[in-house]
Amino acid sequence: MPAGSTSLDVKGDFPIFARRPGGRELIYLDSGASAQKPVVVIEALADHLRKHNANVHRGVYALAQEADAAYDDARRRVAAFVGAHRSSGTGAAAAEGGAQTTVFTKNVTEAINLVAYAWGRGSTGGRANLGPGEAVLITQLEHHANIVPWQVLCRERCAELRYLEVDERGELCLEQLDSELARGDVRMVAVSHVSNVLGTIVPVAEMTARIRAAGALSLVDGAQAVPHMPVDVQEIGADFYAWTGHKALGPTGIGVLHGRVEIMESMEPFLTGGDMIASVDFQSSTWNELPYKFEAGTPPIAEAVGLGAAVDYLSALGMERVREHEQALTGYMLERLAGVPGLRVVGPPEPERRGGLASFTIEGIHPHDVAELADRGGVCIRAGHHCAQPLMRCLGVGATARASVGVYNGPSDIDALVDALQAGREVFGL
Ligand SMILES: Cc1ncc(COP(=O)(O)O)c(C=O)c1O
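Reading guide: rules and limits
Residues numbered from 1 in each chain as written. Predicted model: local features only at pLDDT ≥ 70, side-chain atom pairs only at ≥ 80, totals over all residues. Heavy atoms only, no water. Phe/Tyr/Trp six-rings, centres within 6.5 Å; stacked < 30°, edge-to-face > 60°. Lys NZ or Arg CZ within 6 Å of the ring centre and 35° of its normal. Salt bridge = Lys/Arg side-chain N within 4 Å of Asp/Glu carboxyl O. Helix = DSSP H or I, 4+ residues; strand = E, 2+ residues; numbered from the N terminus. Buried < 20%, exposed > 50% of the residue type's maximum accessible area, 1.4 Å probe, protein only. Axes fitted to C-alpha atoms, helices over the stretch in contact; angles between N-to-C directions. Parallel < 35°, antiparallel > 145°, perpendicular 65-115°, else oblique. Left-handed = near helix turned anticlockwise from the far one by under 90°. Contact = heavy atoms within 4.5 Å. Nonpolar A, V, L, I, M, F, W, Y, C, P; charged D, E, K, R; others polar.

J.: Which residues make up the packing of aromatic side chains, and what values go with them?
T.: In the structure shown here, the tally under the stated rule is eight aromatic pairs. An aromatic cluster is built from Phe14, Phe17, Tyr28, Tyr313 and Tyr408, whose rings are joined through pairwise contacts. Positioned over the ring face of Phe17 is Lys11, at 5.3 Å from the centre of the ring.

Next up, the structure:
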């Protein structure tokens, strides 16, 4: 794959790539962990803090209103980026039932905890949404963020936590989903849109239709999808869709939860305190309207502004082009990795069925050593269990190395990785 043969060439937009650590080019293949930031995001953050900084929803003075406008505008742009156009409020949109609200959280982990906690423990009026004899269904390919909150909830509510299995290709079987739903006890199904280990693109729209038809709710963890492919949360049709800003070229400290207004209105709050209330008396309080009911305390204001700039940047590139670029790179990466003796990639072999990452093992070298050897060649990749220990057990490994691409990568980055791996094999006498 000659340089320039993929459709994006935007490394120059990312100031970090001007660095020359150890006198060498910085080769970053760990966007699955966190993405690098384009200058427009860095400048949007700095500009907000320099010129418009004030707390939101409190001040009547002009500066505070500028901060309010910046925060609300960021929410609108972030919601529109994933097709959640009717993004806030409880008025006409709420009356439609299918309308969504967009809540800012700290990250996707907090967004999933919010749902597990606030939906799971009960709705207004005290009726619990999960109890003995009922189940939450997740899958073997989940990140810990989409496992542990459900484990805790199921333990507390004496409910069952069951798993859809991953087959030898790294994919889920929809027949198993059907048979699980047919048992009639599943109240919630939570699933990743794209696996952070296998890369598998999960057919979430097909799944949510079956889940809704069975009378259960659905939550999709879009952490590895939203930054890399066109996502339309209304088309996907999940009751909750969550993602995280820092993987989508935005700042750390901000996550996003799109939820169905009808359900989120019926839920009790998650965190409580300032901003999420309508009124507070000595013994009791009433709750603010959506989305503020789920945004207790001072929200991540500058981070929201930064994320707004990130989604504008991605929109300007065009998410179809982003996907095309990353799919081509992934195809090239799979092809080149296949030439390294003893290297085994996990997950679907077809680039069109996976996101922009490849997790692999090399016979005779521990994954942590693989990452260390890559680093000697100036290439940043991740090694470990990737916060997916149950999946590692299914794969029969303790850890893998993982290379993941972003908009700024090109074929030469993949070549550098493969050169470093080949050199590493020699170090190990292989
Ligand atoms: C699929 C998936 N879900 C959840 C997370 C957690 O993201 P955060 O730490 O931003 O909450 C990650 C991050 O690696 C992920 O890949």
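J.: Provide a residue-level description of the pattern of salt bridges, including the pertinent values.
T.: Counting across every chain of the model gives 24 salt bridges. Put simply, Arg58 and Asp275 hold a salt bridge, and the shortest N to O gap is 4.0 Å. Of this pair, Arg58 sits in the loop between helix 1 (39–52) and helix 2 (62–81) while Asp275 sits in the loop between helix 9 (261–266) and strand 9 (277–280), and the two are 217 residues apart along the sequence. Owing to a relative accessible area of 44%, Arg58 belongs among the partly exposed residues under this scheme. Arg162 is the salt-bridge partner of Glu160, the closest N and O atoms lying 3.1 Å from each other. Residue classification places Arg162 among the buried positions, given a relative accessible area of 7%. If you follow the salt bridges from partner to partner, you end up with Glu160, Arg162, Glu180, Arg183 and Asp185 in one network.

J.: Explain the packing of helix 4 (residues 108–120) against helix 5 (residues 148–157) to me, using residue names and the numbers behind them.
T.: Between helix 4 and helix 5, whose axes approach to 9 Å, the crossing angle comes to 15 degrees. The angle between helix 4 and helix 5 falls in the class roughly parallel. Judged by the twist between their axes, the crossing of helix 4 over helix 5 is right-handed. Contacts from Ile112, Asn113, Val115, Ala116, Trp119 and Gly120 of helix 4 reach helix 5 at Pro149, Trp150, Leu153 and Arg157. A breakdown of the residues in the contact of helix 4 with helix 5 according to their chemical character gives seven nonpolar, two polar and one charged.

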